[in-house]
Amino acid sequence: MEKFSGLEEKVAAIRAKIEEAAAGMDSTKAVYEGMKRFMDPKKGVISEMMKEMRSIPAEQRAEYGKRVNALKAWAQERFDELGSQVKERELACRYEQEKVDITLPAERTHAGKLHPITQVREQLIDIFASMGFTIYEGSEIETDYYNFTALNTPQDHPARDMQDTFYLSPEFLLRTQTSSGQIHVMENDRPPIKILSPGKVFRSDDDATHSPMFTQMEGLVVDKHIALSDLQGMLDIFVQKIYGEGTRTRLRPSFFPFTEPSVEVDCSCFSCGGKGCRLCKGTGWIEILGAGIVNRKVLENCGIDPDEYSGLAFGIGIERTAMLKYGIGNIKLLFESDLEVLDQIDD
Ligand code: DAH
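Residues numbered from 1 in each chain as written. Predicted model: local features only at pLDDT ≥ 70, side-chain atom pairs only at ≥ 80, totals over all residues. Heavy atoms only, no water.

A. Highlighting the overall build of the protein chain. When helices and strands are tallied, the protein chain shows 11 helices and nine strands. Relative to the globule expectation of 20 Å for 347 residues, the C-alpha radius of gyration of the protein chain, 44 Å, shows a markedly less compact shape. Dimensions of the protein chain, computed from C-alpha atoms along their principal axes, come out at roughly 130 × 45 × 40 Å. Buried residues in the protein chain amount to 41% of all 347 residues. Sequence separation of 24 or more characterises 65% of the internal contacts of the protein chain that already satisfy a separation of 6 or more. Accessible area of the protein chain: about 19500 Å², with a carbon and sulfur share of 52%. Considering the protein chain, the positive charge centre built from 42 side chains and the negative charge centre built from 56 side chains are found 11 Å apart. (Helix = DSSP H or I, 4+ residues; strand = E, 2+ residues; numbered from the N terminus. Rg over C-alpha atoms; globule rule 2.2 N^0.38 Å. Buried < 20%, exposed > 50% of the residue type's maximum accessible area, 1.4 Å probe, protein only. Contact = heavy atoms within 4.5 Å. Areas by Shrake-Rupley, 256 points an atom, 1.4 Å probe, with all protein chains shown as cover. Lys, Arg positive; Asp, Glu negative; His and termini not counted. Charge placed at Lys NZ, Arg CZ, Asp CG, Glu CD.)

Structure follows, in structure tokens:
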């Protein structure tokens, strides 16, 4: 029985040692290491006690084993308990560290969007595409023939003065108008034709409302019996979609070498409804584009019989449309890429 009284003390000492070690276990890792020290199947303090069983007299072995097993069960339970306590503390600590202050004002993010010119260009394309127009994109470098001569504007024509041209050579130039696209399309396609030609154009012109590079959108319809009334019908739909339901159009006689008759198209002022204001300079009308019935000579230049077919054409300035739509006074604001400014321009 000597051994047994010694065992009691040993068990008590181990329990005390575990408790002592438990006080310093501040992480799951520490608990794991503590558990290994006492309970490792090979080298653990309690396992060592199990091994000693061999030296215990046979009649006492069962009792010895029972006590060491009880110690082992207690220790297991204690380490499990310590493990979950430490885990809980670690988790609470992590929650504290990763806490999100939902009362903090959010950081301002800058959402990108399309440039106003692109927005207007896409709107115009959508409107005319819904009327059956398809897109033809010509090239920015043109020959004198496509930009002028074929459009009934020969070398000595005074109308060339209206468009200060950047010549690259006597033959090549930066196109001054998307009207050049009309010729390419009519040379390659036979009527019925219904195309829209958007793109950059260039003129030596620079002030608050003009820029050396700007964007136009040409429209061309060629078929049998095309008349000015078809033009006005299309443009009515266009102005209502762009400037609002109640907007009307009016055609004024004008001159372009490639159309006969030629018209300047005005729309009723969408700012004052036609009463007269600063935007429409008191007239109630705003000039929005040039248009007309395709000149017979232009059809002939492209091999289309003007006795069989007629056409209508129009040319819209995209920057001008954007400036009117968004109330922008200076065209440069559209080209300076100042996000503070561009952000304010929207529907
Ligand atoms: N090309 C002309 C310009 O740039 C605009 C224009 C006027 C286009 C009448 C047309 C048209 O198609 O019929 O000033």
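We are not done yet, so read on.
B. Examining the side chain of Asp 144 more closely. By the secondary structure assignment, Asp 144 is in helix H6 (residues 144–147). Reaching out from Asp 144, the side chain makes a polar contact with the side chain of Thr 149 at a distance of 3.2 Å. Those residues in contact with Asp 144, other than ones at most four positions away along the chain, are Thr 149, Gln 155, Arg 160, Tyr 167, Pro 170, Glu 171 and Leu 173. (Polar contact = N/O pair within 3.5 Å; in protein donor to acceptor, adjacent residues only side chain to side chain.)

C. Structural detail: the site of the ligand. Surveying the vicinity of the ligand reveals 16 residues, the closest of which are Gln 177, Ser 179, Arg 203, Gln 216 and Glu 218. In the environment of the ligand, a nitrogen atom lies 2.9 Å from a nitrogen or oxygen atom belonging to the side chain of Ser 179. Mapped by element, the contributors of at least two residues to the shell around the ligand are strand S5 (213–223), strand S8 (285–294) and strand S9 (310–317). In terms of residue class, the shell around the ligand is made up of five nonpolar, nine polar and two charged. (Near = heavy atom within 4 Å. Nonpolar A, V, L, I, M, F, W, Y, C, P; charged D, E, K, R; others polar.)

D. Structural context of the pairing of strand S7 (residues 259–268). With respect to burial, S7 is a largely interior element, eight of its 10 residues being buried. Both strand S6 (residues 249–256) and S7 contribute to a ladder of seven bridges, which runs antiparallel. Looking at S7, one finds that Thr 249 is bridged to Cys 267. Between the antiparallel neighbours S6 and S7 lie two residues. Alignment of S7 against S8, held across eight bridges, turns out to be antiparallel. Bridge pairing links Val 263 to Ala 291 in S8. (Pairing = 2+ DSSP bridges.)

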